[in-house]
Amino acid sequence: MPRIVNARVIVTCPGRNFVTLKIECDDGTTGVGDATLNGRELSVASYLTDHVVPCLIGRDAHRIEDVWQYLYRGAYWRRGPVTMTAIAAVDTALWDIKGKLAGMPVYQLLGGASREGVMVYCHANGTTIDDTIAVARKYQAQGYKAIRIQCGVPGMASTYGVAKGDQPYEPADGDLPTEAVWNTSRYLRVVPELFAAAREALGWDVHLLHDIHHRLTPIEAGRLGKDLEPYRPFWLEDATPAENQEAFRLIRQHTTVPLAVGEIFNSIHDCRELIQNQLIDYIRTTVVHAGGLTHLRRIAALADLYQVRTGCHGATDLSPVCMAAALHFGLSVPNFGIQEHMPHTAETDAVFPHAYSFADGMMHPGDAPGLGVDIDEALAAGYEYKRAFLPVNRLEDGTMYNW
Ligand SMILES: O=C(O)[C@@H](O)[C@@H](O)[C@H](O)[C@H](O)CO
Ligand SMILES: [Mg+2]
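What you see as residue numbers is a count from 1 along each chain, following the sequence as written. All chains are assigned letters beginning at A, and all ligands numbers beginning at 1, according to the order in which they are written. Two thresholds apply to this predicted model, a pLDDT of at least 70 for residue-level local features and 80 or more for giving and counting side-chain atom pairs, whereas whole-chain, interface and lining totals are computed over all residues. No hydrogens and no water enter the side-chain calculation; it runs on all heavy atoms of the structure.

Here the magnesium ion (ligand 2) is held by the protein donor atoms Asp211 (OD), Glu237 (OE) and Glu263 (OE), which lie 2.0 to 2.3 Å from it. Mapping the donors of the magnesium ion (ligand 2) onto the primary sequence gives the spacing D-x25-E-x25-E. Here Glu237 lies in strand β8 (residues 235-237) and Asp211 lies in strand β7 (residues 207-211), a separation of 26 residues in the sequence. With a 1.4 Å probe rolled over the protein chains alone, any residue whose accessible area is under 20% of its type maximum counts as buried; one over 50% counts as exposed, and the rest are partly exposed. Accessibility expressed as a relative area gives 2% for Asp211, which makes it buried. In this listing, donors mean N, O and S atoms no farther than 2.8 Å from the metal, or 3.2 Å for Na, K and Ca; water is missing from the atoms, so a site can look incomplete. Numbering goes from the N terminus for both helices and strands, where a helix is a DSSP run of H or I of at least four residues and a strand is a run of E of at least two.

Residues of helix α8 (residues 247-254) that are buried: Ala247, Phe248 and Ile251. Buried residues of α8, seen end-on, are gathered within an arc of 90° and therefore sit on one face of the element. Arc definition: it is the arc formed by the directions from the helix axis to the C-beta atoms.

Turning our eyes to something else, we now look at the site of ligand 1. Proximity criterion: a residue is near a molecule or strand once any of its heavy atoms comes within 4 Å of it. The environment of ligand 1 is made up of 15 residues, and the closest members are Asn38, Tyr160, His213, Glu263 and Glu340. In protein, a polar contact means a hydrogen-donor-capable atom and an acceptor-capable atom, both N or O and within 3.5 Å, with residues adjacent in sequence counting only if both atoms are side-chain atoms; elsewhere, any N or O pair within 3.5 Å suffices. Side-chain polar atom of Glu263 to an oxygen atom of ligand 1: 2.5 Å apart, as the coordinates give it. In this structure, Asp317 approaches ligand 1 through a side-chain N or O atom, which is 3.0 Å from an oxygen atom. Accessible surface area values rest on a Shrake-Rupley calculation with a 1.4 Å probe, where residue burial reflects the displayed protein chains alone. Relative to its unbound accessible area of 340 Å², ligand 1 is 95% covered by the protein chains.

A word on the packing of helix α2 (residues 64-74) against helix α10 (residues 292-305). Packed helix pairs are characterised by how far apart their axes lie and by the angle those axes make with each other. Axes here refer to lines fitted to C-alpha atoms; in helices the fit is confined to the stretch in contact. Angles between the N-to-C directions go from 0 to 180 degrees. Closest axis-to-axis distance for the α2/α10 pair is 9 Å, and the angle between their directions is 90°. With respect to α10, the element α2 is oriented roughly perpendicular. Counted together, Ile64, Glu65, Trp68 and Gln69 of α2 and Thr294, His295 and Arg298 of α10 form the full contact between these two elements. When residue character is reported, Ala, Val, Leu, Ile, Met, Phe, Trp, Tyr, Cys and Pro are called nonpolar, Asp, Glu, Lys and Arg charged, and the others, Gly included, polar. Its residues placed into classes, the contact of α2 with α10 shows two nonpolar, three polar and two charged. Note that the term roughly parallel is reserved for angles under 35 degrees, roughly antiparallel for angles over 145, roughly perpendicular for angles of 65 to 115, and oblique for everything else. Working rule for contacts: check all heavy atoms of both residues, and any pair within 4.5 Å makes them a contact.

Classification of ring pairs rests on two measures: the distance between centres of Phe, Tyr or Trp rings, Trp counted by its six-membered ring, which must be within 6.5 Å, and the angle between planes, read as stacked under 30 degrees, edge-to-face over 60 and tilted in between. Summed over the entire model, instances satisfying the criterion amount to 12 aromatic pairs. The interplanar angle of 80° and the centroid separation of 5.6 Å between the aromatic rings of Phe18 and Phe352 together place this pair among those described as edge-to-face. Here the residue Phe18 occupies a position in strand β2 (residues 18-25), and Phe352 occupies one in the loop between α12 (346-351) and β13 (357-359), the gap between them amounting to 334 residues. An identical accessibility class is assigned to Phe18 and Phe352; each is buried. Put simply, the rings of Tyr121, Phe234, Trp235 and Tyr282 pair up and form one aromatic cluster. Any Lys NZ or Arg CZ that is within 6 Å of a ring centre and within 35 degrees of that ring's normal is treated as a charge sitting over the ring. The ring of Tyr70 is capped by Arg59, whose NZ or CZ atom sits 3.9 Å from the centre of that ring. Over the face of the ring belonging to Trp182 we find Arg215, whose NZ or CZ atom lies 5.0 Å from the ring centre.

Right, let's talk about the UniProt feature "domain: Mandelate racemase/muconate lactonizing enzyme C-terminal" (unreviewed entry) in the protein chain for a bit. UniProt positions are given in the numbering used here, feature names are shortened, and annotations may be inferred rather than shown by experiment. Under the present numbering, the feature "domain: Mandelate racemase/muconate lactonizing enzyme C-terminal" (unreviewed entry) in UniProt falls on residues 129-258. Annotated as 39% helix and 14% strand, the span residues 129-258 places its first and last C-alpha atoms 23 Å apart.

The next thing to look at is the sheet that holds strand β3 (residues 30-34). Whether two strands pair depends on DSSP finding at least two bridges between them. Spatially, β1-β2-β3 is the arrangement adopted by the three strands of the open sheet, whose pairing is antiparallel. Every other strand in the sheet has two partners, leaving β1 (4-12) and β3 as the edge strands with one partner each. Across this sheet, the average inter-strand angle for adjacent strands is 20°, counted without regard to direction. Bridge analysis of β1 against β2 gives eight bridges, and the strand direction is antiparallel. Within β2, the residue paired with Val11 across the bridge is Val19. Lying over the sheet, helix α3 (residues 81-102) contacts β1, β2 and β3, oriented at roughly 145° with respect to β3.

Cysteine sulfur atoms that come within 2.5 Å of each other are treated as a disulfide pair. For the coordinates displayed, the defined rule picks out zero disulfides. Cys122 takes part in no disulfide bond, and the closest cysteine sulfur, belonging to Cys151, lies 16 Å away.

With that settled, the discussion passes to the environment of Thr36. The residue Thr36 is located in the loop between β3 and α1 (41-56) in this model. A relative accessible area of 0% means that Thr36 is categorised as buried. The spacing of Thr36 and Phe329 is 293 residues in sequence and 19 Å in space, taken between C-alpha atoms. Once residues lying within four places of it in the same chain are set aside, the contact partners of Thr36 are Arg16, Asn17, Phe18, Val19, Glu41, Thr85, Val288, His289, Asp317 and Ser319.

Parsing the protein chain into structural domains produces domain 1 (4-105) and domain 2 (109-368). Computed over C-alpha atoms, the centres of domain 1 and domain 2 are 26 Å apart. Contacts between the two partners involve 33 residues from domain 1 and, on the opposite side, 36 residues from domain 2. If you sort the residues of domain 1 by the area they bury against domain 2, Asp34, Trp95 and Pro105 come out on top, with a joint share of 25%. The term salt bridge refers to a side-chain nitrogen of Lys or Arg lying within 4 Å of a carboxyl oxygen of Asp or Glu. Inspection of the region where domain 1 meets domain 2 yields three salt bridges. In this document the domain limits rely on a domain assignment from an automatic tool or a database. The quantity reported as buried area is the accessible area (1.4 Å probe) lost by two parts once they are put together, taken as the sum for both.

Spatially, the three strands line up as an open sheet ordered β6-β15-β16, and their pairing is mixed. The open sheet has two edge strands with one neighbour each: β6 (179-182) and β16 (400-401). Here β6 runs beside strand β15 (residues 392-395); their pairing, made up of four bridges, is parallel. Paired with Glu179 across the strands is Val392, a residue of β15.

Here we take up the environment of Pro365. The residue Pro365 is located in the loop between β14 (362-364) and α13 (377-381) in this model. For Pro365, a relative accessible area of 2% gives the class buried. The spatial distance from the C-alpha of Pro365 to the C-alpha of Thr127 is 33 Å, given a sequence separation of 238 residues. Setting aside anything within four residues of it in sequence, one finds Pro365 in contact with Tyr107, Ala324, Leu327, His328, Leu331, Ala355, Tyr356 and Leu371.

Take a look at the structure:
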């Protein structure tokens, strides 16, 4: 029986902060789990160091389900992004260990491959519509079959999803939260123009996605959905804040555009009504924030009953460890929809050597035993944590709004 003898929480910042849990067994086998929560990294690092790691030492690393239940029920204060990210890191690391001990890639342990590869979507963004289309053309030429398009809003200094200059897009951009300003009516005017231009330039053989990022009311989202129907979006994401899952009923009444939600969810309870009432088409929960592979499989199994497909979050503030785990999951899960893929920087990839690969619009986790990813601890040690907050967002009259 592989007994857990050590677990290290590694905080590193190769251009942006990542938190990784590395679990070590008495036979030397190790496993890694992503524990990164953008803007709240140290909360999870402390939760793991102070409240989880002491309870892991001496446990049987094979008992993934029992450890999951121990950490979930044993916390008493259930759920929440910090707790579920910490549990996810442990869960992911134990699946990595189990795969290594079995000599099999994790997707084989999850039931084997259900497809040849995992279709991914990338991000095309630009200050203007033309800039966005130019980036989208580049990705289309690289073979991506699905592209998320986001552009600046005329009259607004900045907007969600649009990088500054030629820097890679990184929202956590300040030692304290930067303040953005939002204007819904300007936004509602430019997005249909963006989609019209994108269809004109890119044609119909590419999936086009868009992230509203929690910024519309349900009826405004219904309006935008209606306006975009002629352009057949693959999905509209985070149309409205989803704490009130019922709100999506109103959007559904006004548009047939597929809806995706869930990157900020951390358990099945956040999405149960949305799924059971078929108020969404894709569930975005991901390995690192929704309790790991063990819980994500439960969410996907519920979604499958209601013809809801997966669309896991995959931004660059989720580490390559999460990306690897998501690809094993995406290769195997029956109701796979699509996987987000924002390529990490070379600096980050060097810290997290991995086996996953991209070709012809799809990714594959590789066949290395376990997850096929690790953390180079010596390299990681050279990148000191640098506090960074996600922005806040206000309306033009100063009212706090959703970022
Ligand atoms: O769909 C997405 O990728 C976005 O919603 C993310 O970029 C999100 O803003 C960040 O992950 C927040 O840290
Ligand atoms: Mg999003």
